[in-house]
Amino acid sequence: MTTPVAPAEFPGGRALFRLDPRIAHLNHGSFGAVPIPVQEAQAALLAEAHADPDTFFIGAPERIEAARTRVAAHLGADPAGIGFVSNATEAANLALDALGLAEDDEILVTDHGYGTVVAAAARRARLTTVAVGLDLPDEDAVREAVLAGVTPRTKAAVLDHISSPTARVIASPRLLADLAERGITTVVDGAHAPGMLADPLAGRADFWFGNLHKWGYAPSGTAVLAVAEPYRARIRPLVPSWEDHHGFPRSVENRATADYTGWLAAPEGLDLLDRLDAAKVRAHNSAFAAYGAALLADVPGLAPLPYTPGLAMRSLRLPPGTAPDPQAARALREEIAARHRIRVLVWPSAGGGGIRVCGQVYNRAEEYERLAEVLPAYLG
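As the structure is a computational prediction, the values presented were derived from the model and not from experiment. (Residues numbered from 1 in each chain as written. Predicted model: local features only at pLDDT ≥ 70, side-chain atom pairs only at ≥ 80, totals over all residues. Heavy atoms only, no water.)

A.B. asks: How would you sum up the packing of aromatic side chains? Please name residues and give values.
C.D. replies: With the rule as written, the count across this model stands at 9 aromatic pairs. Ring centres 5.3 Å apart and planes at 85° place the aromatic pair Phe56 and Phe57 in the edge-to-face group. The positively charged end of Arg314 is found above the aromatic ring belonging to Tyr307, 3.4 Å away from the centroid. (Phe/Tyr/Trp six-rings, centres within 6.5 Å; stacked < 30°, edge-to-face > 60°. Lys NZ or Arg CZ within 6 Å of the ring centre and 35° of its normal.)

Spelled out as structure tokens, the structure:
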């Protein structure tokens, strides 16, 4: 076997975060981590709100609009067609409510979909669930599997841009174009796309949403929903506000006396990514995820899964019988964390679950080496 070469650390990467140095944080894709400059920007905004609440909240809608415009520029989005939301699940509900589905309509989803997003779809229509085999070799094979699941009643497709557990592209631009040609409304869960992909809105789905607090370095609870122009008038906020008469996006952004500081600080995270050189960050993160996957591939019983080049996440299949259900996956994840201070995602599957590693500028090669060293004890 060939020993993989450890990538170099990102200069100054670890100093940008206040992460506990005793823990190997290999799970950036689940919750992200907020860099210190963004934490400080948010703290200054919160202090401003405490010092003069009237001025802060009266002026919040205009400041949110300005922050949204800056975010839109980073994402290549129309600032009039993108709005702040708390997370991808909230965005999914807003998009699905705007579809106006009839009782006998169907929504196509895949078995890689994020649980709460799929649950939101199931509340509104019958589902057609496409099985995307873990071993499908490339995006073309994924595309063919999804298109084979389309039925005459399929009105919408809810697809991951990058699947959370298996870390591969599902909603490719070609697949979105094929679905559009069939008259199917496309709803894309881009939770992992902002910051990880150079063009997160490629393919121009009818509805697209993504978290900024993962790879975009924004504070927690910061996401955006992008809506194609024909659908914008259909967006209705989940809770009415005094800004409803403005329509989307302002109508969904007003939460009365909510904490808006995460949204207002969000552009600082994307600005930081640019200052670090976003292309270099993406290349570094992808190299570290690949290094971790290569080390784990030498662990007996682990099988690498097909992956999309350039992503900052990689997944491997665990041996049969390991992590077959959510409870077992959670137990394994937490035991590794408690005993070895390593944070990694373990995902369930009936035939044997999987493990996902991420790369970020704060990671070191020795953290992946620790995981590869301790993992065999849990796979016997």
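Back to the text.
A.B. asks: An account of helix 10 (residues 261-276) is needed here, citing residue identities and associated values.
C.D. replies: Between the first and last C-alpha of helix 10 there are 23 Å, a value that for 16 residues agrees with the 22 Å anticipated at 1.5 Å per step. Restricting attention to buried positions, one finds in helix 10 the residues Thr261, Gly262, Trp263, Leu264, Ala265, Ala266, Pro267, Gly269, Leu270, Leu272 and Leu273. Summarising the contacts, the buried residues of helix 10 are in contact with helix 2 (36-51), helix 3 (53-58), helix 4 (60-75), strand 2 (82-85), helix 9 (250-253) and helix 11 (278-297). (Helix = DSSP H or I, 4+ residues; strand = E, 2+ residues; numbered from the N terminus. Expected span 1.5 Å × (residues − 1). Buried < 20%, exposed > 50% of the residue type's maximum accessible area, 1.4 Å probe, protein only. Contact = heavy atoms within 4.5 Å.)

A.B. asks: Which residues make up empty space enclosed by the protein, and what values do they have?
C.D. replies: Counting across every chain of the model gives 2 cavities of 30 Å³ or more. Residue lining of the largest cavity: Gly195, Met196, Trp215, Tyr217, Leu273, Val281, Arg282, Asn285, Gly310, Ala312 and Gln360, and that is the complete set. Broken down by element, the residue count for the lining of the largest cavity peaks at 3 residues, all from helix 11. Residue composition of the lining of the largest cavity, by class: 6 nonpolar, 4 polar and 1 charged. Of the pockets and cavities examined, the second largest cavity occupies roughly 40 Å³. Forming the boundary of the second largest cavity are Val109, Gly113, Tyr114, Val117, Val118, Val158, Leu159, Asp160 and Asp189. (1 Å grid on protein atoms, 1.4 Å probe; cavity = no way out; pocket = protein on both sides within 12 Å on 5 of 7 lines; lining within 4 Å. Points joined across faces, edges and corners; volume = space filled by probe spheres on them. Nonpolar A, V, L, I, M, F, W, Y, C, P; charged D, E, K, R; others polar.)

A.B. asks: Run through the nonpolar core, naming residues and quoting values.
C.D. replies: Judged by nonpolar contacts, the single largest core of 54 residues is most densely connected at Val71, Phe84, Leu159, Leu212 and Val224. The leading source of residues in this core is helix 4, at 6 residues. Sequence-distant contacts of Leu159, that is, excluding residues within four places in its chain, are made with Leu108, Thr110, Val146, Ile170, Ala171, Leu175, Leu179, Val187, Val188 and Asp189. Within the second largest apolar cluster, 29 residues are counted, among which are Leu94, Val117, Val187 and Ile235. (Core = buried A, V, L, I, M, F, W, Y, C linked by side-chain atoms within 4.5 Å.)

A.B. asks: Describe the pairing of strand 10 (residues 313-317), listing the residues and the values that go with them.
C.D. replies: The element strand 10 is extensively covered by neighbouring structure, given that 4 of its 5 residues are classed as buried. Judged from the 2 bridges that link them, strand 9 (residues 303-304) and strand 10 form a sheet pairing that is antiparallel. Paired with Pro304 across the bridge in strand 10 is Leu316. Strand direction decides the pairing type here: strand 10 and strand 13 (residues 354-358), joined by 5 bridges, are antiparallel. Residue pairing in the sheet places Arg314 in a bridge with Val357 of strand 13. (Pairing = 2+ DSSP bridges.)

A.B. asks: Tell me about helix 4, and please be specific about residues and values.
C.D. replies: With 16 residues, helix 4 ought to run about 22 Å at 1.5 Å a step, and its terminal C-alpha atoms sit 22 Å apart, in line with that. When we look at burial in helix 4, the residues that qualify are Ala60, Pro61, Ile64, Ala67, Arg68, Val71, Ala72 and Leu75. The arc that holds the buried residues of helix 4, viewed along the axis, is 145°, so those residues lie on one side. Within two residues after helix 4, Gly76 carries a phi angle of roughly 75°, on the positive side. (Arc of directions from axis to C-beta.)

A.B. asks: Account for the environment of Asp298, naming residues and giving values.
C.D. replies: Counting through the fold element by element, Asp298 comes out in the loop between helix 11 and strand 9. Between the alpha carbons of Asp298 and Leu345 there is a distance of 19 Å; along the sequence they are 47 residues apart.

A.B. asks: Now, about the pattern of salt bridges: what can you tell me, with residues and values included?
C.D. replies: As enumerated under the stated definition, the model contains 20 salt bridges in all. For the salt bridge of Arg204 with Asp199, the shortest nitrogen-to-oxygen distance reads 3.9 Å. Relative accessible area serves as the criterion here: at 40%, Asp199 is assigned to the partly exposed category. Two residues, Glu334 and Arg343, come together in a salt bridge whose shortest N-O distance is 2.8 Å. (Salt bridge = Lys/Arg side-chain N within 4 Å of Asp/Glu carboxyl O.)

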